[in-house]
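So the chains spell out like this:
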Amino acid sequence: DVGAASPRLLRARALCIAPRFSGAAGAAAALEPYLHAMLASLAPTEPPLLRVAACRALCALCQHGPAQAVAVAASLFLSPVSELFRLGSDDVAMAAAENLSLLLQHSAETVRAEVVPWLTPRLLVALSTWWHEPLVVSALVDSIKVLAQSPSSLPLLVQMIVPPLLTTLRAAAEAAAAEAA
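A brief look at the structure comes next. Everything numeric here is computed off the predicted structure, so don't read it as measured data. (Residues numbered from 1 in each chain as written. Predicted model: local features only at pLDDT ≥ 70, side-chain atom pairs only at ≥ 80, totals over all residues. Heavy atoms only, no water.)

## Quick word on the overall build of the protein
Our working definition: Each helix corresponds to a stretch of at least 4 residues labelled H or I by DSSP, and each strand to a stretch of at least 2 residues labelled E; elements are numbered beginning at the N terminus. Note on classification: 1.4 Å probe, protein chains only; a residue is buried when its accessible area is under 20% of the maximum for its type, exposed when over 50%, partly exposed between these limits. Only heavy atoms matter for contacts: two residues are in contact if any of them lie within 4.5 Å across the pair. Where accessible areas are quoted, they stem from the Shrake-Rupley method and a 1.4 Å probe; at the residue level, only the protein chains shown are allowed to cover.
For the protein, the helix and strand inventory stands at 9 helices and 0 strands. Each helix and strand of the protein, ordered N terminal to C terminal, gives the series α-α-α-α-α-α-α-α-α. When each of the 181 residues of the protein is scored for burial, the buried share is 42%. Taking the contacts inside the protein whose residues are at least 6 apart along the sequence as the reference set, 67% of them involve residues at least 24 apart. Element-wise, carbon and sulfur atoms account for 64% of the exposed surface of the protein, whose accessible area totals about 9,400 Å².

As structure tokens, then:
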């Protein structure tokens with residue numbers, strides 16, 4: 001039982017096990033209660049352990065679940081998953097970054113175009129926070145690549161990414177020049 005009335009630990013375990021059986025569920029409608037429970041478990045008011053369990057379950061669903069169910073749910077989960085970066089853990093950041101990439105890969109082009117204005121700043125903050133974690137950076141870059149593959153998203157994405165990138169590169173070049181002097 002993944003309902004809100006269930007104990008949190010039981011709900012977390014059920015969320016983690018359910019993707020193993022998602023292929024047998026078939027239609028997206030059969031997974032609807034599970035998707036609602038997962039979305040509710042990602043809420044900022046839930047304990048971090050439950051939110052992380054829901055994030056990992058979502059990742060498993062994206063990898064093994066029915067593509068139709070994932071595509072339908074992708075737009076609903078992008079915002080709550082991107083909020084997980086605020087928890088500050090490297091492991092959680094990795095799970096969130098991987099999930100964002102998978103969700104974006106399964107989302108429609110119209111969804112990608114809609115999320116660029118609010119998701120790009122979150123991705124840039126995450127990149128500047130976890131620059132020292134190559135796996136997190138790689139997963140975040142994968143998300144940016146997926147957004148860049150969408151013709152309707154690309155112009156705004158470039159407009160939002162290039163200025164901070166140039167600022168960072170200039171600062172690195174100035175620091176290197178000052179160090180060499």
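## Some words on the environment of Leu-103
Inspection of the secondary structure assignment puts Leu-103 in helix H6 (residues 90-106). Along the primary structure Leu-103 and Cys-59 are separated by 44 residues, whereas in three dimensions their C-alpha atoms are 8.5 Å apart.

## Notes on the nonpolar core
Test applied: Residues belong to one nonpolar core when they are buried, are Ala, Val, Leu, Ile, Met, Phe, Trp, Tyr or Cys, and are joined through side-chain atoms within 4.5 Å.
If you look at the biggest cluster of nonpolar residues, it comprises 47 residues, and the most contacted ones within it are Met-38, Phe-77, Val-81, Phe-85, Leu-103, Leu-140 and Leu-147. Contributing elements (two or more residues each) for this core: helix H3 (28-41), helix H4 (48-64), helix H5 (67-83), H6, helix H7 (109-129), helix H8 (134-148) and helix H9 (154-180). For this core, the element with the most residues is H6, which contributes 9 residues. Among residues more than four places away in sequence, those in contact with Leu-103 are Leu-58, Cys-62, Ala-74, Phe-77, Leu-78 and Val-81.

## Things to note about the side chain of Ser-143
Note on placement: Ser-143 falls in helix H8. For Ser-143, the residues in contact, after removing those within four places along its chain, are Ala-97, Leu-100, Ser-101, Leu-104 and Leu-123.

## Side note on the pattern of salt bridges
This is how it is decided: We define a salt bridge as a side-chain nitrogen of Lys or Arg found within 4 Å of a carboxyl oxygen belonging to Asp or Glu.
Scanning the model with the defined rule gives 2 salt bridges in all. One salt bridge connects Arg-86 with Glu-83, and the closest N-O pair in it is separated by 3.2 Å. Across the salt bridge formed by Glu-83 and Arg-122, the nearest N and O atoms sit 3.1 Å from each other. Of this pair, Glu-83 sits in helix H5 while Arg-122 is found in helix H7, placing the two residues 39 residues apart along the sequence. Each of the salt bridges in this network shares a partner with another, and the network as a whole consists of Glu-83, Arg-86 and Arg-122.

## A few points about a nonpolar patch on the surface
Worth spelling out the cut-off: The residues that make up patches have over 30% relative accessible area and no salt bridge, and they are joined within 9 Å when like-charged or within 5 Å when they are Val, Leu, Ile, Met, Phe, Trp or Tyr.
The grouping of Leu-154, Val-158, Val-162, Leu-165, Leu-166 and Leu-169 at the surface amounts to a nonpolar patch, some 470 Å² of accessible area in total. Position of Leu-166 among the secondary structure elements: in helix H9.

## Points about H7
Selection criterion: The span one expects for a helix is its residue count, reduced by one, times 1.5 Å. The angle between axes fitted to the seven residues ending at a residue and the seven residues starting there is what we call the bend at that residue.
Helix length check: H7 (21 residues) gives 28 Å between terminal C-alpha atoms against 30 Å at 1.5 Å per residue, within 8%. For H7, the principal kink sits at Val-116 and spans about 60 degrees; a proline, Pro-117, occurs within the next four residues. Residues Val-111, Arg-112, Val-115, Val-116, Leu-119, Thr-120, Leu-123, Ala-126 and Leu-127 constitute the buried set of H7. Check the buried side of H7 and you find it contacts H5, H6, H8 and H9.

## Regarding the packing of H6 against H8
Our working rule: Lines fitted to C-alpha atoms define the axes, with helix axes restricted to the stretch in contact, and inter-axis angles between N-to-C directions lie between 0 and 180 degrees. Roughly parallel covers angles under 35 degrees, roughly antiparallel covers those over 145, roughly perpendicular covers 65 to 115, and oblique covers all other angles. Take the far helix as your reference; a near helix turned counterclockwise from it by less than a right angle gives a left-handed crossing, and one turned clockwise gives a right-handed crossing. Ten residue types, Ala, Val, Leu, Ile, Met, Phe, Trp, Tyr, Cys and Pro, are classed as nonpolar, four, Asp, Glu, Lys and Arg, as charged, and the remainder, Gly among them, as polar.
Running from amino to carboxyl end, H6 crosses H8 at an angle of 20 degrees, the nearest separation of the two axes being 8 Å. The angle between H6 and H8 falls in the class roughly parallel. As H6 packs across H8, the resulting crossing turns out to be left-handed. Here Asp-90, Ala-93, Met-94, Ala-97, Glu-98, Leu-100, Ser-101, Leu-104 and Gln-105 of H6 lie close against H8, whose contacting residues are Leu-135, Val-136, Ala-139, Leu-140, Asp-142, Ser-143, Val-146 and Leu-147. When its residues are assigned to classes, the contact of H6 with H8 shows 11 nonpolar, 3 polar and 3 charged.

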